[in-house]
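A closer look at the structure
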Amino acid sequence: MVGSTSVLSLSQKSQIKQIAWHGLFGGIGALLLLAAVSLVVVNALFLGWSDFWHYLGRPRTWSSLWITIWTAALATAISLAIGIPAGYALSRRRVPLSGLAHTLIDLPVMVPPAAVGIFLLGVFKSFPAAELSTWLGLQVHHAVPGVVVAQVAVTLAFGIRLIKASFDAVSPRYEAVSRSLGASLPRTFFSVSLPLARNGILASVIVIWARAAAEWEALMLFVGGIQGRTDTLPFAVYLDWNGGILGWSLTNSLFCVVIALGSMYAVRRLGGRGHVY
Amino acid sequence: MGSRRERGGRHLLRASLCGLLVVAACRQGPPALLFHAGAGQRSSLDEIAAVFTAQHPGARVDFSYKGSGYFIADIAASRMGDLYMPGEEYYLLQAASKGFIADYDPRTDIAAHFITVIVTPRGNPKNIVRIEDFARPGLRVGLADPEAAAIGLWQEKTFIRAGIWDQVKKNATMFAKCIPELGNAVQLGAVDATVVWATTAVLYLKDIEIIPIEPRLRGLIRLPVALLAFCKRPELARQLKALILSDQGRAIFHSHAYGIEVGPADADGFCADDGSATALDMKWLVEAARVAKDPTIPVTPETVGHLVGEVNRQRLTRW
C-alpha cells in the first residue's frame, strides 16, 4: 500500500515537473511575443493618433519611405544577381583555400557597417572604381547610387551565406539525375536547383531587403543624409531625432516595423515560408 | 527546344531590365552644391537653401548632414564638397590644418553663435536656478563626452570656471555622444539638469524649462562657414555663403534660437559684457518655453519674440 502511494506520487511529481518545464519554456516564449507586440502598441500609444496623422501628412515621410523601398529593392536585386551564383558555387564546388574564401566572404558581416562605409569612401576614390564612375558619368559618393552601393556592401555577405544554405538543402542527386537525362548545366540549374531552393531564396530575399532597408551607419559615412534624396527611413529617424522631432522619428520607426511585417506577409502569400530561418 | 530558347531569352530580358533600372537610378539630376553641415543646423539651412534655390533657378543644394565628429574622415577620404559648416570652429580649423579649406576668415565668416543655457525637465522639479546648483549632491546631471561633442568641452569649461567640476563629475549619470541625446534625456526626465546650446533647448519647449546662465559663465560659441578646397562651383558656393552671412540668412538662424548679435566674448569664449547683448534672446527663450506649454496664450512677437515659428511648429503636435 505504502509502495503504491509512493509510485503514484512519483508519477504525479514527474507530471508536475513536466508541466512546469513546458510552462516555463512556453511562458518565456509568450513573454517574448507579448514584448514584441507591446513594443509596437506602447510606442503607438505614446505617439498618439493626432501626431501620427500629422507626420503622415508630411511629404518627406513618404519620400523617405519611397527611397527606402526602391533603393533596398535595387540593392536586393544586385545582391541576388551576385549572391545566387556565388552561393551556388560555394555550396557545390570545392573552393581552393576554402577556409580563407569563406572568411573573406563573411568579413562584411563581422566588420561594423561604419567601417564598411569608410572603406567604401576609399574604394570609390581609387582605381578602378573612381575611373569607372567618371567614365559612366555617375557620382556615387554623397548621391543616391551611394545608398545602393552601401546597402549592397553590407547585405551581400549574408545574402551569399543564406543562399548557400538554401542550395545546401537541395540534394545534388536531383541535379545528377537531371544531367543523366541529358539536360545541360544551365538547364539543370534553372529547372532543378533553383526551383528546389526557391523557398530558401525567397526567405533570403526578405532578410537581404529588410537589412538593406535598415542600413544607415555605412550610409551616414559614405553618403550622408541628403534630404529628400538619400534619407532612407532609418536615416530620417536619426535626422529627426537629432532635430528634436521625436514624433516624426517614432512615426518613421513604426513605418519600419510595418514594412517588415508587410514584407513577411507578402512572402508568405507568394508561397515562401514567411519567416527567416 | 523552342521553350528553352524562349526561357533563355526571358532571362536575358530580365537581366537587361535590371541593368536599365540600375543605370536609370544612377542618372544624376542638375549639378548641385554639396554642403557638409552639422545635423543640428538642418532646420536653418533647409530654409536658407529654399531661399537660395528660389533666387537661383536650376541650382540645387545637397546637404550632407551628419554629426560634426564624422566630417574630417569623410572629407579626407572623399575629397568632395563645396561648403562646410561644422557645429564648432574647432572642426573647421582641424580641416584647415589639413588643407581642406579654400578660404576662411575667422573675423567675418561666422554665421551665428550658439549660446549655452541650463535645461531641466518640465516644471524644474529640482529647482535649479544657477550653475552652482549642479554641485548639489544626488542631482542627476547629464554631461557629454568632450571627445565626441563640442558641448562636452563647453560643459567642462563652464564647470571648471565655476569651480565645481569635481562635484559635477560625481553627479553625472550620462556621458552623451551628441547633443540631441542630452535634449532627449531632459525631455523624458532621465536627468535633472544639463547644459546645452539654446538651439537644442528650443526644440523641446513643451517638455523642458530653460534657465539662462549668468553672463560670466555664458558661453558664446562661433558657428563658422567656409568654402572647401575641392569646391567645383566656387561662384555659386560663394553666393550661398554670402546669403548665409547676410541679414536675411542670419535672421533665419535667429528664428531657430541662434545668437546673431551676442556682444563681446573673452579669450575663452565666455560672455565678456554684462550679458545685455544676449539678454533679450534669453528672455524670449524662457517665454517661449512658457507659451509653448499654455495653449491659451497667443503666439505672437509680443509673447515669444523671434521664436514664433518654433513655438507654432511645436504646438501642432504632442511630440
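Structural data are supplied above this passage.
Residues numbered from 1 in each chain as written. Chains lettered and ligands numbered in written order. Predicted model: local features only at pLDDT ≥ 70, side-chain atom pairs only at ≥ 80, totals over all residues. Heavy atoms only, no water.

For chain B, the helix and strand inventory stands at 13 helices and 11 strands. A burial count over chain B gives 54% of its 319 residues as buried. Long-range pairs, those at least 24 residues apart, make up 74% of the contacts in chain B between residues at least 6 apart in sequence. (Helix = DSSP H or I, 4+ residues; strand = E, 2+ residues; numbered from the N terminus. Buried < 20%, exposed > 50% of the residue type's maximum accessible area, 1.4 Å probe, protein only. Contact = heavy atoms within 4.5 Å.)

Glancing now at the interface of chain A and chain B. If you look at the interface, chain A gives 43 residues, while chain B gives 42 residues. Summing the contributions of chain A and of chain B, the shared interface buries around 3,600 Å²; its carbon and sulfur component is 60%. Taken together, the connections running from chain A to chain B amount to two salt bridges. Linking chain A to chain B there are nine residue pairs in polar contact (both at pLDDT 80 or more). For the side of chain A that touches chain B, the elements supplying multiple residues, two or more each, are helix H1 (2–47), helix H2 (49–56), helix H3 (59–92), helix H5 (113–123), helix H9 (185–196), helix H11 (217–222), helix H12 (233–242) and helix H13 (246–270) of chain A. For the side of chain A that touches chain B, the leading source of residues is H12(A), giving six residues. Residues belonging to the side of chain A that touches chain B are distributed by class as follows: 23 nonpolar, 14 polar and six charged. (Buried area = accessible area lost by both parts, 1.4 Å probe. Salt bridge = Lys/Arg side-chain N within 4 Å of Asp/Glu carboxyl O. Polar contact = N/O pair within 3.5 Å; in protein donor to acceptor, adjacent residues only side chain to side chain. Nonpolar A, V, L, I, M, F, W, Y, C, P; charged D, E, K, R; others polar.)

This brings us to the pairing of strand E10 (residues 220–224) of chain B. Regular strands place their side chains on alternate faces of the sheet. All names here are of chain B. Most of E10 is tucked away, with four of its five residues classed as buried. For strand E5 (residues 110–121) and E10, the ladder comprises five bridges, and the chain directions are antiparallel. Residue pairing for E10: isoleucine 110 is matched across the bridge by proline 224. (Pairing = 2+ DSSP bridges.)

What follows is about empty space enclosed by the protein. With a probe scaled to a water molecule rolled over the atoms, the places where space remains empty come into view. All names here are of chain B. Applying the stated rule across the entire model yields one cavity of 30 Å³ or more. Empty space within the largest cavity amounts to approximately 40 Å³. As for the largest cavity, its lining consists of Ile115, Ala198, Ala257, Tyr258, Gly259, Asp281, Met282, Leu285 and His306. If you tally residues by element for the lining of the largest cavity, the top one is helix H11 (residues 276–293), at three residues. Among the residues making up the lining of the largest cavity, the classes are represented as six nonpolar, two polar and one charged. (1 Å grid on protein atoms, 1.4 Å probe; cavity = no way out; pocket = protein on both sides within 12 Å on 5 of 7 lines; lining within 4 Å. Points joined across faces, edges and corners; volume = space filled by probe spheres on them.)

This next bit is on the side chain of Asn184(B). Checked against the element boundaries, Asn184(B) lands in helix H7 (residues 179–187). On the accessibility criterion, Asn184(B) (14% relative accessible area) is buried. For Asn184(B), the side chain forms a polar contact with the side chain of Trp241(A), separated by 3.4 Å. Residues within four places of Asn184(B) in sequence aside, it is in contact with Trp241(A), Leu246(A) and Tyr204(B).

So, on to the pattern of salt bridges. One pass over the structure, following the stated rule, counts 26 salt bridges over all chains. Its salt-bridge partner being Lys164(A), residue Asp168(A) comes within 2.8 Å of it at the nearest N-O pair. Separated by four residues within a single helix, Asp168(A) and Lys164(A) lie in helix H7 (residues 144–168), roughly one turn from each other. For Asp168(A), a relative accessible area of 41% corresponds to the partly exposed category. A relative accessible area of 14% places Lys164(A) in the buried class. A salt bridge links Arg222(B) to Glu89(B), with the shortest nitrogen-to-oxygen separation between them at 2.8 Å. Of this pair, Arg222(B) sits in strand E10 while Glu89(B) sits in helix H4 (residues 89–97); the two residues are 133 residues apart in sequence, bridging distant segments of the chain. Note on Glu89(B): relative accessible area 13%, which makes it buried. Within the structure, one salt-bridge network assembled from shared partners comprises Arg60(A), Asp231(A), Asp240(A) and Arg42(B).

Considered for burial, the residues of helix H3 (residues 71–78) of chain B that qualify are Phe71(B), Ile72(B), Asp74(B), Ile75(B) and Ser78(B). One side of H3(B) holds all its buried residues, which, seen down the axis, span an arc of 165 degrees. (Arc of directions from axis to C-beta.)

On the surface, Trp21(A), Leu24(A), Phe25(A) and Ile28(A) cluster together into a nonpolar patch covering about 460 Å² of accessible area. Along the chain, Ile28(A) falls in helix H1. (Patch = residues over 30% accessible without salt bridge, like charges linked within 9 Å, V, L, I, M, F, W, Y side chains within 5 Å. Areas by Shrake-Rupley, 256 points an atom, 1.4 Å probe, with all protein chains shown as cover.)

Once that is clear, we can look at the nonpolar core. One recurring pattern in soluble globular proteins: nonpolar side chains tend to sit buried together. Residue and element names in this part refer to chain B. Core analysis: the biggest nonpolar cluster contains 91 residues, and Phe35, Leu45, Ile244 and Phe253 have the highest contact counts within it. Among the elements that line this core, the one with the most residues is H11, at seven residues. Aside from chain neighbours lying at most four places away, what touches phenylalanine 253 is Gln41, Ser44, Leu45, Ile48, Met85, Ala111, Ala112, Leu223, Ile244 and Tyr258. One finds Ile118, Leu139, Trp165 and Val168 within the second-largest nonpolar core, a separate group that totals 19 residues. (Core = buried A, V, L, I, M, F, W, Y, C linked by side-chain atoms within 4.5 Å.)

All of the buried residues along helix H13 (residues 308–315) of chain B are Glu310(B), Val311(B) and Gln314(B). In an axial view of H13(B), the angular spread of the buried residues amounts to 95 degrees, which keeps them on one side of the axis.

Here we come to the sheet that holds strand E4 (residues 101–103) of chain B. Residue and element names in this part refer to chain B. Taken in spatial order, the five strands of this open sheet run E2-E1-E3-E11-E4, and their pairing is mixed. Sheet topology places strand E2 (60–66) and E4 at the edges, where each strand pairs with a single neighbour. Here the average twist between neighbouring strands, direction ignored, is 35 degrees. (Axes fitted to C-alpha atoms, helices over the stretch in contact; angles between N-to-C directions.)

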